[in-house]
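Topology and contacts: notes
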Amino acid sequence: MAQQQTLSDRHLGLARRAFFEHGGAPVGKVPETILRSWVRCQRQGLAAEQAPHIEPVPAARLQEMRERHEKLWRLARAELELLSSDAAATGSIVILTDEDGWILDAEGSASFLDRAGRVALMPGACWSEAQVGTNAIGTAIVEGRSVVVHGGEHYLTPHGILSCSACPIFDPYGLPVGVLDISGDSNVQHMHALGLARLAVANIEHRYFDEGIPDAELLRLHRDPALLGTAREGLLAFRSGRLVAANQAGLQLFGLDRSELGRAPYAALFEDALGKLRDDGVLLDRQGRALYGRVDDGQARPRRPAARPPITVSAALTPQPADAPLFDPVQEADLVRACRVLDAGLSVLVQGQTGTGKEVFARELHRRCARAGKPFVAVNCAALPEGLIEAELFGYEDGAFTGARKNGNPGLLRQADGGVLFLDEIGDMPLALQPRLLRVLQERELSPLGGGKPIKLDFALVCATHREMQQAMGEGRFRPDLYYRIAHHTVHIAPLSANADRAAVVDALWQRLGQGRRLTEQARQQLADYSWPGNLRQLGACLRTLVALSEPGALVGVELLPAYLHDLRPAASRAQTPANPMLASPAASASPLEALAEAAMRQALAECDGNVSRAARKLGISRSTLYRRLGQDLHGKPH
Ligand SMILES: Nc1ncnc2c1ncn2[C@@H]1O[C@H](COP(=O)(O)OP(=O)(O)OP(=O)(O)O)[C@@H](O)[C@H]1O
């Protein structure tokens, strides 16, 4: 532990002087691990007095790294959350890095996060030993085991403000996948930090086995049957009689290290045949000690109730109801990943331009996740009036404020209990309300306005925004601590303009919406050539309008396309256009088309008894478009 491995500052000062100024080897004066690391750093030419040059990567790269390490991120999340509240209380922080020391996440005490940030101990920075000298993260990676580095034991002098305890994380096959570190102020004793880090890592490594070891028999063993099923049970997987995977507890049962993985034969470890464990739940090892447990035969343990089967890409090719969403293979993969994250109790942030389908994606996530069948409560943070958002979200007791509903209001958060809460346009959440939301998300507990007992909440959180969140944080419009709470996993939905195969999107959407009508090749091409700044919303509305404007069974040609698409035709093709007044020029083509479109709008409006919102929904266009197109006629109509 930190206390045991740390010499007094005076002794450490002497040891540093002996090593750095006189080239001596202060053997026995600093822990061996530290001395070994100092020697490595010196051989590399690192200068102890230099100011560290650590440049965190830009937010987009960090995001990319997090996505690349999605499995580690997902499996470590629960531990980080748990530790971070303890860490916050003791003025320290919890850090998760990848296998090379790149910091993926840092949470805990806000004031120490700030201090650590001054020496770039922050997400996006790399704390490998080669880069920043002796430090718990980097040195634990090199040593392949837990390391504590306290104050002046750090190679670079400016890092003397830190006291860090790091434990490497290994996958079941013994490959390093990351590091969990607890760091705090070097003036404070962090006696239990290493123990906590080790415990958390044992849990994370145990969770890696939940996904199964293919074609292997997985033994879960412990000398004490009461500890079976906990992270302290030994896990050992054998394939064709050889040990191929194990957790630290499993290796310790036999005094093995990770280099034995892939080599150690079953017969060298156990006296009894495996059948004995299956039949009697107990097995004798080669020393005659009894080990209790069971065998899993290559099966992953069910982690959650079976969700509905995901919609596969091939299923999407069969005729679908018009309102069935469309997901390309990239989005399908995004859905699968996001669903797993959500089911692990973590939050998902969906980012993308307006109309790309963020809400559609969120609803599909709900449909596929373990909470399908429970409520999906969508809250548009930009649409709620600022003065009401707090009351609407968090609820209030009877008579909490003037104008409050009699009997109070449970609030939208409570309505989402058991299900999924979807906070749309989260980037527009007023700054003043962000701390309250953060508290609710941290504590999963709510105290309604006007008093009343705190209420426990259980919901999965999905948020969406079209805003650039890094910029919003940079400009102080969004709190970073809230951001990290809502964005355990981020999904980016690409705009249609970035889709190289827009023709495929047009085809698939037309198949759903076209009601059996066909598009001419030219119309299809023109639809595919357009960049669709309003994304799927705009494309969908355009296709619905084409359907409204054409007869059942008709072949829909370019003459029905909106004016903005006509401008796209290459000049040559415009010159050869037949002398059809509709196509002669965009300006000339616009008016009969506009007339047709307007007729369709008026008809929809009439069918909806003049209700603008319903008519707009029916046409698949926005209310503002309907207002713009029918202008004067709508004044005084109900919305
Ligand atoms: N995956 C999809 N398949 C088919 N149509 C879709 C899909 N996603 C979106 N759409 C169409 O686009 C419309 C807008 O989708 P959605 O409201 O989810 O977008 P958004 O990104 O949340 O937009 P905003 O940022 O403006 O709130 C939907 O009503 C639907 O018509």
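Position numbers for residues start from 1 in each chain and track the written sequence from start to end. Whole-chain, interface and lining totals are the exception, using all residues; otherwise, since this is a predicted model, local features are given only for residues with pLDDT of at least 70 and side-chain atom pairs are given and counted only at 80 or more. Hydrogens and waters are ignored; side-chain quantities use all the structure's heavy atoms.

Looking at an unreviewed UniProt entry, the chain carries the name Fis family GAF modulated sigma-54 specific transcriptional regulator, with the source organism given as Pseudoxanthomonas spadix.

Quick look at the pattern of salt bridges
Opposite charge on two side chains makes pairing possible when the charged atoms of those side chains draw close. Heads up, the condition is: Salt bridge, as used here: a side-chain nitrogen of Lys or Arg that lies within 4 Å of a carboxyl oxygen of Asp or Glu. In this text, helices come from DSSP runs of H or I with a minimum length of four residues, and strands from runs of E with a minimum of two, each type numbered from the N-terminal end. Buried means the residue's accessible area, taken with a 1.4 Å probe over protein chains only, is under 20% of the maximum for its type, while exposed means over 50%, and partly exposed covers the values in between.
Summed over the entire model, instances satisfying the criterion amount to 32 salt bridges. Between Arg115 and Asp185 there is a salt bridge, and its shortest N-O distance comes to 2.5 Å. Of the two residues, Arg115 sits in helix α6 (residues 110–118) while Asp185 sits in strand β5 (residues 176–185), which places them 70 residues apart along the sequence. Its relative accessible area of 29% is what places Arg115 among the partly exposed residues. Across the pair Glu271 and Arg286 runs a salt bridge whose closest N-O atoms are separated by 3.6 Å. Of this pair, Glu271 sits in the loop between α11 (266–269) and α12 (274–280) while Arg286 sits in the loop between β9 (282–284) and β10 (290–297), and the two are 15 residues apart along the sequence. Given the relative accessible area of 45%, Glu271 is considered partly exposed. The structure contains a network of salt bridges with shared partners spanning Glu32, Arg36, Arg40, Glu129, Glu143 and Arg145.

Regarding empty space enclosed by the protein
Here is the rule: Within this scheme a cavity is a closed region of a 1 Å grid, computed over the protein atoms alone, that accommodates a 1.4 Å probe without allowing it to escape, whereas a pocket is open but has protein on both sides within 12 Å along at least five of seven lines; lining residues each have an atom within 4 Å of a point. Grid points are joined across faces, edges and corners, and a volume is the space filled by probe spheres set on the points. Amino acids are sorted into nonpolar (Ala, Val, Leu, Ile, Met, Phe, Trp, Tyr, Cys and Pro), charged (Asp, Glu, Lys and Arg) and polar (every other residue, Gly among them). Segmentation of the chain into domains, including their bounds, is taken from an automatic or database domain assignment.
Under the definition given, this model contains three cavities of 30 Å³ or more. Taken as a whole, the largest cavity encloses approximately 50 Å³ of empty space. Together, Gln63, Arg66, Glu67, Trp73, Ala487, His488, His489 and Thr490 line the largest cavity. Partitioned by chemical class, the residues of the lining of the largest cavity number two nonpolar, four polar and two charged. Two domains each provide a minimum of three residues to the lining of the largest cavity, namely domain 1 (2–208) and domain 3 (318–489).

Let's talk about the sheet that holds strand β12 (residues 376–380)
Under the convention used in this document: If DSSP finds at least two bridges between two strands, the strands pair. Axis definition: a line fit to C-alpha positions, over the contact stretch in the case of helices; interaxial angles, taken between N-to-C directions, run 0 to 180 degrees.
Across the sheet, five strands lie side by side as β12-β13-β16-β11-β17; this open sheet has parallel pairing. The two strands at the open ends of the sheet, each matched to only one other strand, are β12 and β17 (489–493). Averaged over all pairs of adjacent strands, the angle between their axes in this sheet comes to 20°, without regard to strand direction. With four bridges joining them, strand β13 (residues 420–424) and strand β16 (residues 460–465) adopt parallel strand pairing. Residue pairing in the sheet places Leu421 in a bridge with Leu461 of β16.

Quick notes on the layout of surface pockets
Its boundaries defined by the atoms lining it, the second largest pocket holds a volume of some 940 Å³. Contributing to the lining of the second largest pocket are 34 residues, with Ala106, Leu113, Pro480, Asp481 and Tyr484 lying nearest its centre. In terms of residue count, the dominant contributor to the lining of the second largest pocket is helix α5 (residues 70–89) (six residues). A breakdown of the residues in the lining of the second largest pocket according to their chemical character gives 19 nonpolar, eight polar and seven charged.

Notes on the pairing of strand β2 (residues 103–108)
Residues in a regular strand point their side chains to alternate faces of the sheet. Buried residues dominate β2, accounting for five of its six residues. As paired elements, strand β1 (residues 93–98) and β2 share five bridges and run antiparallel to each other. The partner of Ile95 across the bridge, within β2, is Ala106. Remark: four residues form the turn of the hairpin made by β1 and β2, two consecutive strands paired antiparallel; Gly101 in that turn has positive phi of roughly 95°.

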